Amino acid sequence: MNNSVQTIPEMKVIHDNPSSHRGAQWFALLSHGFTKQNAIVPSVLVADGEYENRACRLIAVVPDLNNHFPRAVNGEVGLLEGMALAREVNAVVEADAHSETKRALVLIVDVPSQAYGRREETLGIHQALASAVSAYANARQNGHPIIALLVGKAMSGAYLAHGYQANRIIALSDEGVMVHAMGKAAAARVTQRTEAELDQLAAENPPMAYDLKSYASLGLIDNLLQVESATQPTPSDKHSVEQAITDALLDIQPKDTGISRRLSGEHRQASRQVRDLLKAQWTGA
């Protein structure tokens, strides 16, 4: 009988998305002078302050190498992040329930993906992310202006949970700022095409394109902002972004609680037509 103890080697987690610190960097820059709050998880940063005398809560999801869930160490939005976002947003809605002027939410977006993993799926990542989406939508519908600032990746379910529910979306015009359902390499594998073939399709179909201008043509970016450096922002960059946030806040009217304005995008003809047909069928017109 062999009494030796066999150990199972520790599983090595391979991360396709190396950590980006853009979100943390822009959060630190834009929250200067704000009051930092103690969020329930280190990967969610929260600060309260003002822009042009308008009370704001600044929120970002950032990498946490000590995250309890290994699939969420690079800034992905996972179980903890989804629930933390929901808690921080719901707290604002509850606190301002009887206030005439609702606090604004400014979201710093640099999220490479939702956290993929068996544990995440088993424990209900869909519910955690849905909680964040619901909280943001509820805040917007209750009159809280929401502005998303895209400074890095805005990918897949992570972007849906943190950023997409905003009244206004501002994106830095930089090749490192990307909005995709999935990365190009992954899309090529799934569709069994080469990346060159995907680029060819994107040239003919803007919804399939990977560049920000094509995405903006769908009505999904309100301000494609030029900066000197998205990774090493200058004082001028800080001023430009703060001015863009202020302009967006002034543009959002009290009754501007929906996001249907996105349907006016240059390449949303099919979306508009489908909605008109569905409305006609629904109303019997």
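Please refer to the structure placed before this passage.
A quick note: this is a predicted structure, and the numbers were derived from the prediction, not measured.

Engineer: Sorry if this is basic, but what is going on with the environment of leucine 123 here?
Structural biologist: Secondary-structure assignment places leucine 123 in helix H3 (residues 118–123). The exposure class assigned to leucine 123 is exposed, which follows from its relative accessible area of 55%. Remark: the alpha-carbon pair of leucine 123 and isoleucine 221, spanning 98 residues in sequence, is separated by 33 Å. Beyond its immediate chain neighbours, meaning those up to four positions away, leucine 123 contacts Phe69 and Leu79.

Engineer: I'm lost on the pattern of salt bridges in this one. Help?
Structural biologist: Note on pairing: side chains with opposite charge can pair once their charged atoms come close. This structure, assessed with the given rule, holds 10 salt bridges. Of the charged contacts, one joins arginine 103 and aspartate 48 as a salt bridge, the two residues approaching to 3.8 Å between their closest N and O atoms. On the criterion of sequence distance, the pair formed by arginine 103 in the loop between helix H2 (79–95) and strand S4 (104–111) and aspartate 48 in strand S2 (residues 44–51) is long-range, its members being 55 residues apart. Judged by its relative accessible area of 16%, arginine 103 falls in the buried class.

Engineer: Just to check I follow, could you spell out the pairing of strand S3 (residues 54–61) for this structure?
Structural biologist: Put simply, side chains in a regular strand alternate between the two faces of the sheet. With six of eight residues buried, S3 lies mostly within the body of the structure. With eight bridges connecting them, S2 and S3 associate as antiparallel partners. Across the sheet, the residue bridging to tyrosine 51 is arginine 54, located in S3. Hairpin connection between S2 and S3: a loop of two residues separates the two successive antiparallel strands, and glutamate 52 in this loop has a positive phi of roughly 50°. For S3 and S4, the ladder comprises five bridges, and the chain directions are parallel. Bridge pairing in S4 places cysteine 56 opposite alanine 104. You can see the chain leave S3, run along H2 and come back into S4, and the turn it takes is right-handed.

Engineer: Could you clarify how one ought to interpret the environment of tryptophan 26 in this entry?
Structural biologist: When you line up the elements, tryptophan 26 lands in helix H1 (residues 22–30). The exposure class assigned to tryptophan 26 is buried, which follows from its relative accessible area of 0%. Dropping the residues within four chain positions of it, tryptophan 26 is found in contact with Ile108, Val151, Leu172, Ser229, Ala230, Pro233, Asp237 and Val241.

Engineer: Honestly, the layout of surface pockets in this entry has me stumped. Any pointers?
Structural biologist: Remark: the empty space left among the atoms is shown by a probe the size of a water molecule rolled over them. For the second largest pocket, the calculated volume is near 370 Å³. Lining the second largest pocket are 18 residues, with Val179, His180, Ala181, Met182 and Pro207 sitting closest to its centre. Of all the elements in the fold, those that place two or more residues in the lining of the second largest pocket are helix H5 (156–161), strand S7 (178–180), helix H6 (184–191) and helix H8 (212–216). At three residues, the largest contribution of residues to the lining of the second largest pocket is made by H5. Considering only residue class, the lining of the second largest pocket consists of 14 nonpolar, four polar and no charged.

Engineer: Honestly, the packing of H1 against helix H9 (residues 235–251) in this entry has me stumped. Any pointers?
Structural biologist: Helix-helix packing is described using two parameters, namely the angle between the two axes and the distance between the axes. Two elements in contact, H1 and H9, have axes whose closest approach is 11 Å; the angle formed by their N-to-C orientations is 80°. Of the possible angle classes, the one that applies to H1 and H9 is roughly perpendicular. Here Trp26, Leu29 and Leu30 of H1 lie close against H9, whose contacting residues are Asp237, Lys238, Val241, Glu242 and Ile245. In terms of residue class, the contact of H1 with H9 is made up of five nonpolar, no polar and three charged.

Parameters and conventions
Residues numbered from 1 in each chain as written. Predicted model: local features only at pLDDT ≥ 70, side-chain atom pairs only at ≥ 80, totals over all residues. Heavy atoms only, no water. Helix = DSSP H or I, 4+ residues; strand = E, 2+ residues; numbered from the N terminus. Buried < 20%, exposed > 50% of the residue type's maximum accessible area, 1.4 Å probe, protein only. Contact = heavy atoms within 4.5 Å. Salt bridge = Lys/Arg side-chain N within 4 Å of Asp/Glu carboxyl O. Pairing = 2+ DSSP bridges. Right-handed = clockwise from strand over helix to strand, strands pointing away. 1 Å grid on protein atoms, 1.4 Å probe; cavity = no way out; pocket = protein on both sides within 12 Å on 5 of 7 lines; lining within 4 Å. Points joined across faces, edges and corners; volume = space filled by probe spheres on them. Nonpolar A, V, L, I, M, F, W, Y, C, P; charged D, E, K, R; others polar. Axes fitted to C-alpha atoms, helices over the stretch in contact; angles between N-to-C directions. Parallel < 35°, antiparallel > 145°, perpendicular 65-115°, else oblique.

These figures come from the coordinates and say nothing about function on their own.
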